[in-house]
Amino acid sequence: MGEYERKRDFAVTPEPTGKKRARRRKGALRFVVQEHGARRLHWDLRLEHEGAAASWAIPNGIPDDPGHNRKAVRTEDHPLEYLDFEGEIPAGEYGAGTMRIWDRGTYECLKWEAGKVVVSFAGEQLRGRYALFRAGAAEKDWMIHRIDPPETERDPMPESVVPMLARPARLPASDAGWAVEVKWDGVRAIAYCQPGRLRLESRNLRDVTAQYPEVRRLSRQLGARDAVLDGELVAFDEAGRPSFERLQQRIHQTSESVVRRRMKSHPVTYVVFDLLHLDGEDLMAAPYHHRRAALEELGLDGPSWQTPGYSRGRAKELLAASAEHGLEGIVLKRLESRYVPGKRTGSWLKVKNVGRQEFVIGGWQSGEGRRRGGLGALLLGYFEGEGEERELRYAGKVGTGFSARDLEELLERLRPLGRKGSPFAGRRGPRQAHFVEPRLVAEIEFRELTADGMVRHGSFKGLREDKPATEVRLE
Ligand code: MN
């Protein structure tokens with residue numbers, strides 16, 4: 001009995017037994033690539049060779065240009081009938097999951113030596129010359145390399161996109177020509193998806209993939225496609241409202257075991273609203289409505305990701321509805337606008353229901369009563385001017401909205417930043433204060449912002465790690 005038979009229980013799995021004697025076929029040699037949704041998604045390449053199907057498992061799909069060699073794990077020979085197999089391998093069996101034919105056709109064998117195979121594919125998707133070769137210590141360690149240039153001209157996938165930003169505004173006089181969406185109260189993230197892998201980057205280009213493992217499975221839904229997505233990581237509360245407070249439990253966690261636990265207690269959803277690149281085509285220059293249509297066609301909808309719709313016009317109704325549901329506000333995007341990374345242009349506007357923005361923490365005051373000895377209030381500020389001229393302006397203080405955990409964490413973070421004098425230029429802030437280097441950024445909700453830039457009735461919402469303090473301006 002061969003390795004193939006040993007690994008499988010044919011009373012349970014629908015896979016071919018290999019008992020049928022393979023008839024000698026005349027004609028061209030056949031190949032298949034099966035997309036195998038096992039515990040980890042991968043692609044199985046099988047080549048008809050000497051009466052069996054020689055097999056490799058390719059974790060990141062078959063490369064389409066000579067620039068990237070990819071790992072190919074040599075697996076046991078499969079019976080020839082396997083070239084036609086599609087189906088569900090039941091849970092508990094070897095390779096449990098869905099096996100689907102991704103491409104098949106014939107190939108020409110150009111070289112077949114121990115440790116090196118060169119072939120030329122003639123399939124529907126897979127065409128051209130490839131080499132498979134041993135690389136690595138173990139018998140099973142191989143690589144696959146495309147020899148021919150790419151079949152079609154491809155735009156390179158961008159590696160780091162600073163997300164496009166929305167300008168704070170009031171409702172435009174006319175909403176014709178605008179797409180209107182909910183403003184999601186979370187943290188922005190760009191997802192770079194390639195076969196079998198996904199990388200999430202925050203707006204300050206930090207790799208946050210490991211912090212949000214539940215989003216990774218999105219790449220399975222994309223299969224062999226390449227895509228760059230723009231969206232917001234959101235934690236929903238019991239009422240289904242985005243909760244920036246809940247998200248706090250995830251933003252600051254990097255320890256793997258804590259992340260695993262919080263993933264259950266404070267799950268996040270990646271809310272996708274833009275598509276910047278798809279299968280070798282840069283979409284950033286395409287109008288928003290085109291990008292959205294292409295995004296919707298992907299049908300990205302899963303346990304930890306979704307693609308909410310948008311409306312054309314009806315901004316007023318949507319803003320009212322968002323207020324009614326306790327949401328932060330709406331975002332308007334010009335239907336004809338292109339994607340401009342890192343820019344706050346007039347083609348994306350955010351209209352908020354309550355005053356809400358980030359402030360730099362420039363100091364703190366001790367608490368009284370129950371909070372005696374601890375933190376009482378934060379002193380807020382924002383930057384004005386550029387370069388040498390840059391100055392921190394005092395914007396008042398906020399003494400509510402803290403959880404017990406916030407109070408502790410804030411003190412822990414603020415104490416090492418202590419400094420003698422006030423960091424504020426102009427109005428120096430209250431005299432009874434512990435001043436700090438202006439590094440930490442706090443998200444503050446407020447009822448009113450006075451004409452001279454002072455926060456009234458403010459409430460602390462959380463710390464922001466995705467924004468450098470020097471970028472904090474009055475909105
Ligand atoms: Mn497999």
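All figures in this text were calculated on a predicted structure; none of them were measured in a lab.

Some details on the sheet that holds strand 18 (residues 311–312)
Link 1 in the chain: Strands sit in the order 10-20-19-11-18 across an open sheet of five strands; the sheet is mixed. In this open sheet, the two edge strands, each paired with only one partner strand, are strand 10 (165–168) and strand 18.
Link 2 in the chain: Direction of pairing for strand 10 relative to strand 20 (residues 344–352): parallel, over a ladder of four bridges. When the bridges of strand 20 are listed, A166 appears paired with T345.

Focus on the domain arrangement of the protein chain
Link 1 in the chain: With domains assigned, the protein chain is organised as domain 1 (2–146), domain 2 (165–352) and domain 3 (356–471).
Link 2 in the chain: The distance between the C-alpha centroids of domain 1 and domain 2 comes to 37 Å.
Link 3 in the chain: Listed as interface residues are nine residues of domain 1 and, on the opposing side, seven residues of domain 2.
Link 4 in the chain: Broken down by secondary-structure element, the contributors of at least two residues to the side of domain 1 that touches domain 2 are strand 1 (29–37) and strand 2 (41–49).

Concerning helix 5 (residues 288–298)
Residue pairs three or four apart in sequence face the same way in an α-helix, which turns once every 3.6 residues.
Link 1 in the chain: For helix 5, the complete set of buried residues consists of Y288, R291, R292 and L295. Along the long axis of helix 5, the arc covered by the buried residues comes to 100°, so they all point the same way. Every exposed residue of helix 5 that faces more than 90 degrees away from the buried side is listed here: A293 and E297.
Link 2 in the chain: In this structure, the buried side of helix 5 is in contact with strand 11 (178–182), strand 15 (269–278) and strand 19 (329–334).
Link 3 in the chain: Phi turns positive one or two residues past the end of helix 5, at G299, with a value near 55°.

Observations regarding the nonpolar core
Link 1 in the chain: Membership of the largest hydrophobic core comes to 54 residues, with the highest contact counts inside it found for A191, L218, Y270, I330 and L332.
Link 2 in the chain: Setting aside residues no more than four positions away along its own chain, Y270 makes contact with A189, A191, V215, L218, G231, L233, S304 and W305.
Link 3 in the chain: Core analysis: the second largest hydrophobic core is formed by 28 residues, L380, Y382, V441 and A469 among them.

A closer look at helix 3 (residues 244–251)
Link 1 in the chain: Most of helix 3 sits out of view: six of its eight residues are buried.
Link 2 in the chain: The set of residues buried in helix 3 consists of F244, R246, L247, Q248, R250 and I251.
Link 3 in the chain: Against strand 12 (187–194), helix 4 (256–265), strand 25 (441–449) and strand 26 (455–464) lie the buried residues of helix 3.

Section: unusual backbone geometry
Link 1 in the chain: Unusually for a residue other than glycine, R314 sits at a positive phi of about 55°.
Link 2 in the chain: Following the sequence through the fold, R314 ends up in the loop between strand 18 and helix 6 (315–324).
Link 3 in the chain: Of note in the backbone geometry, H457 takes a positive phi value of approximately 55° without being a glycine.
Link 4 in the chain: Within the fold, H457 resides in strand 26.

With respect to the environment of A433
Link 1 in the chain: By secondary structure assignment, the location of A433 is in the loop between helix 7 (404–414) and strand 24 (434–435).
Link 2 in the chain: A433 sits in the partly exposed class, given 18 other C-beta atoms within 10 Å.
Link 3 in the chain: Sequence separation between A433 and D148 is 285 residues, and the spatial gap between their C-alpha atoms is 68 Å.
Link 4 in the chain: Excluding residues that lie within four positions of it along the chain, A433 makes contacts with G363, W364, Q365 and L379.

Cut-offs and rules
Numbering of residues starts from 1 in every chain and runs along the sequence as written. Where totals are concerned, whole chains, interfaces and linings use all residues; where local detail is concerned, this predicted model gives features only for residues with pLDDT of at least 70, and gives and counts side-chain atom pairs only at 80 or more. Here the rule is simple: two strands pair whenever DSSP picks up at least two bridges between them. A run of H or I in DSSP becomes a helix once it reaches four residues, and a run of E becomes a strand once it reaches two; helices and strands are each numbered from the N terminus. Boundaries of every domain are those given by an automatic assignment or by a domain database. We call two residues in contact whenever the C-beta atoms placed from their backbones are within 7 Å. Each residue is classified by how many other C-beta atoms fall within 10 Å of its C-beta atom, where C-beta atoms are placed from the backbone; a count of 20 or more means buried, 12 or fewer means exposed, and values in between mean partly exposed. Here the arc refers to the directions that run from the helix axis out to each C-beta atom. Think of a nonpolar core as buried Ala, Val, Leu, Ile, Met, Phe, Trp, Tyr and Cys residues chained together by C-beta atoms that fall within 7 Å.

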